[in-house]
Amino acid sequence: MSRSGLLAALVASVILSAGSAMAQEQPAGAAPAIDAPTPAAPTAPAPIAPAPAAPAVAPPATMAPSQPGTQPNTAAPAEAGPSTAMELTLPHDLSPWGMFMAADIVVKAVMIGLAFASVVTWTIWLAKSLELFGGKLRIRRAVRAIGKAATLKQASSTLDRSGGPGALLVRAAEEETALSAGALDHVSGDGLKERVTSRLSRIEAAAARRMSRGTGVLATIGSTAPFVGLFGTVWGIMNAFIGISQAQTTNLAVVAPGIAEALLATAMGLVAAIPAVVIYNVFARSIAGYRQILADASAGVERLVSRDLDFRTVAPAAPLAAE
């Protein structure tokens, strides 16, 4: 055998001995390590080894709602519940009628009373306006008739078919004159004048008192309606504060409806009081004018009585007799 053949045989024996030694040192499960130099061996086990660490990635998945991308989806339903409940509890109708229906029973009673007072005020205004207009018209007519008459008898015949205080004044003076006719032949007429004046003053006072009926109600409404409305407001605000404490919130949307309902009572009190005061003042001036016209009619009747007494001694002038 040549020298090169011996060398090749020696190298082959060394390699075989080394391979058998390595096979004896490695365990049976490490056999694939011999194939480590191959490209598939290092890549396949390396990514699969971290697979047990997958649970470590799972906790971030549970924390995903805290991330900005998912927060609105989870927070929106949580906030939608209270807002929806609040919208259901708050009154949607904030009109006067809606606030009245949502108010407390005491505030409702106050509002109903003030509304009734307002109706009474305008009813008195209508009735008293018609009464004053008709009364002034009749008494002015009587004053003109009394002024044109020369004697008490002429005035009585002119106002025979008419009514009102003017006709009553003339009739009362005529009756008193007839009752005192027998005594006038022996005494002066001063006593008759006093008696006629007394009766006329009583008729005048009764007519003025009758015309003033109803104005006292206007004065009462005008003076008490604001305080009644204020009572309703105080009661309503007290209930509103109680509701605020129970709701444990100072949100304006919760506080405003109760306060608005309470203030509606004060507004209705002013609505009832202001017209009552204005109408009362108007009627007071009108009744004062009516009393003045009554006084003029009474003075005219007294002049006629005095003239009749003078005609008993002095004949009336021709023009007066002709009338």
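Residues numbered from 1 in each chain as written. Predicted model: local features only at pLDDT ≥ 70, side-chain atom pairs only at ≥ 80, totals over all residues. Heavy atoms only, no water.

## A look at helix α11 (residues 215–247)
The end-to-end C-alpha separation of α11 is 48 Å, in line with the 48 Å expected for 33 residues at 1.5 Å each. In α11, a bend of some 40° at T224 exceeds every other bend along the element, and P226, a proline, comes one to four places later. Along α11, the residues that are buried comprise T215, L218, I221, G222, A225, G229, G232, T233, G236, A240 and I244. Directly beyond the C-terminal end of α11, a positive phi value near 55° is found at Q248. (Helix = DSSP H or I, 4+ residues; strand = E, 2+ residues; numbered from the N terminus. Expected span 1.5 Å × (residues − 1). Bend = angle between axes of the 7 residues up to and from the residue. Buried < 20%, exposed > 50% of the residue type's maximum accessible area, 1.4 Å probe, protein only.)

## A few points about a nonpolar patch on the surface
Residues W122, W125, L126 and L130 make up a contiguous nonpolar surface patch of roughly 450 Å² in combined accessible area. When you line up the elements, L130 lands in helix α7 (residues 105–148). (Patch = residues over 30% accessible without salt bridge, like charges linked within 9 Å, V, L, I, M, F, W, Y side chains within 5 Å. Areas by Shrake-Rupley, 256 points an atom, 1.4 Å probe, with all protein chains shown as cover. Salt bridge = Lys/Arg side-chain N within 4 Å of Asp/Glu carboxyl O.)

## Description of the nonpolar core
Counting 31 residues, the largest nonpolar core has I146, L152, L159, V170 and V301 as its most contacted members. Going through the elements one at a time, α7, α8 (152–158), α9 (165–179), α10 (190–211) and α12 (252–311) are the ones with two or more residues in this core. Among the elements that make up this core, the one with the highest residue count is α12 (eleven residues). Among the nonpolar cores identified, the runner-up in size contains 15 residues, and F100, A225, L264 and A265 belong to it. (Core = buried A, V, L, I, M, F, W, Y, C linked by side-chain atoms within 4.5 Å.)

## As for the packing of α7 against α11
Where α7 contacts α11, the axes come no closer than 10 Å and their chain directions differ by 160°. If you check the angle between α7 and α11, you find them roughly antiparallel. Helix-helix and strand crossings are classified by hand; for α7 and α11 the assignment is left-handed. Taken together, the residues of α11 that come into contact with α7 (itself represented by V106, V107, V110, L114, A117, V120, T121 and I124) are V217, L218, I221, A225, V228, G229, F231, G232, W235 and G236. Residue composition of the contact of α7 with α11, grouped by class: 14 nonpolar, four polar and no charged. (Axes fitted to C-alpha atoms, helices over the stretch in contact; angles between N-to-C directions. Parallel < 35°, antiparallel > 145°, perpendicular 65-115°, else oblique. Left-handed = near helix turned anticlockwise from the far one by under 90°. Contact = heavy atoms within 4.5 Å. Nonpolar A, V, L, I, M, F, W, Y, C, P; charged D, E, K, R; others polar.)

## What to know about the UniProt feature "transmembrane region" (unreviewed entry) in the protein chain
Within this structure's numbering, the places UniProt gives as "transmembrane region" (unreviewed entry) are residues 105–127, 217–242 and 262–283. Taken end to end, residues 105–127 is 100% helix and 0% strand, and its first and last C-alpha atoms sit 33 Å apart. Along residues 217–242 one finds 100% helix and 0% strand; the C-alpha atoms at either end are 37 Å apart. (UniProt positions renumbered as here; feature names shortened; annotations may be inferred.)

## Section: the side chain of S298
Among the structural elements, S298 can be located in helix α12. Setting aside residues no more than four positions away along its own chain, S298 makes contact with L169, L200 and E204.

## Thoughts on the side chain of T233
Here T233 is to be found in helix α11. When sequence neighbours within four positions are dropped, the list of residues in contact with T233 reads A262, L263, A265 and T266.

## Re the pattern of salt bridges
This model, assessed by the stated rule, comprises four salt bridges. Here E176 and R199 are joined by a salt bridge, their closest N and O atoms 3.4 Å apart. Pair noted here: E176 is in helix α9 and R199 is in helix α10, with a separation of 23 residues, a long-range link. Several salt bridges converge on common partners, so that one network encompasses E175, E176, R195 and R199.

## Some thoughts on the environment of A206
Secondary-structure assignment places A206 in helix α10. Relative accessible area serves as the criterion here: at 25%, A206 is assigned to the partly exposed category. Linking A206 and P165, residues 41 residues apart in sequence, is a C-alpha distance of 9.1 Å.

## Describing a positive patch on the surface
A cluster of like positive charges, contributed by R138, R140, R141, R144, K148, R202, R209, R210 and R213, occupies part of the molecular surface. Of all elements in the fold, only α7 and α10 reach the threshold of two or more residues within the positive patch. Of all the elements, α7 adds the most residues to the positive patch, at five residues. Residue placement: R213 occurs in the loop between α10 and α11. (Lys, Arg positive; Asp, Glu negative; His and termini not counted. Charge placed at Lys NZ, Arg CZ, Asp CG, Glu CD.)

## Digging into the confidence of the model for the protein chain
This prediction gives the protein chain a mean pLDDT of 74; 63% of its residues lie at or above 70. The low-confidence segment residues 27–91, where pLDDT is below 50, has 18 contacts with residues more than four positions distant or belonging to other chains. (pLDDT = per-residue confidence, 0-100.)

## Brief notes about the environment of A299
When you line up the elements, A299 lands in helix α12. Using a relative accessible area of 27% as the deciding quantity, one classes A299 as partly exposed. Sequence separation between A299 and S201 is 98 residues, and the spatial gap between their C-alpha atoms is 10.0 Å.

## A short note on the packing of aromatic side chains
By the definition in use, this model includes two aromatic pairs. Ring plane angle 80° and centroid distance 5.8 Å describe the contact between W122 and W125, whose orientation is recorded as edge-to-face. A residue pair is termed a helical-turn pair when its members lie 3 or 4 positions apart in one helix, as W122 and W125 do in helix α7 at three residues. Owing to a relative accessible area of 38%, W125 belongs among the partly exposed residues under this scheme. Ring centres 6.2 Å apart and planes at 45° place the aromatic pair F231 and W235 in the tilted group. A residue pair is termed a helical-turn pair when its members lie 3 or 4 positions apart in one helix, as F231 and W235 do in helix α11 at four residues. A relative accessible area of 29% means that W235 is categorised as partly exposed. (Phe/Tyr/Trp six-rings, centres within 6.5 Å; stacked < 30°, edge-to-face > 60°.)

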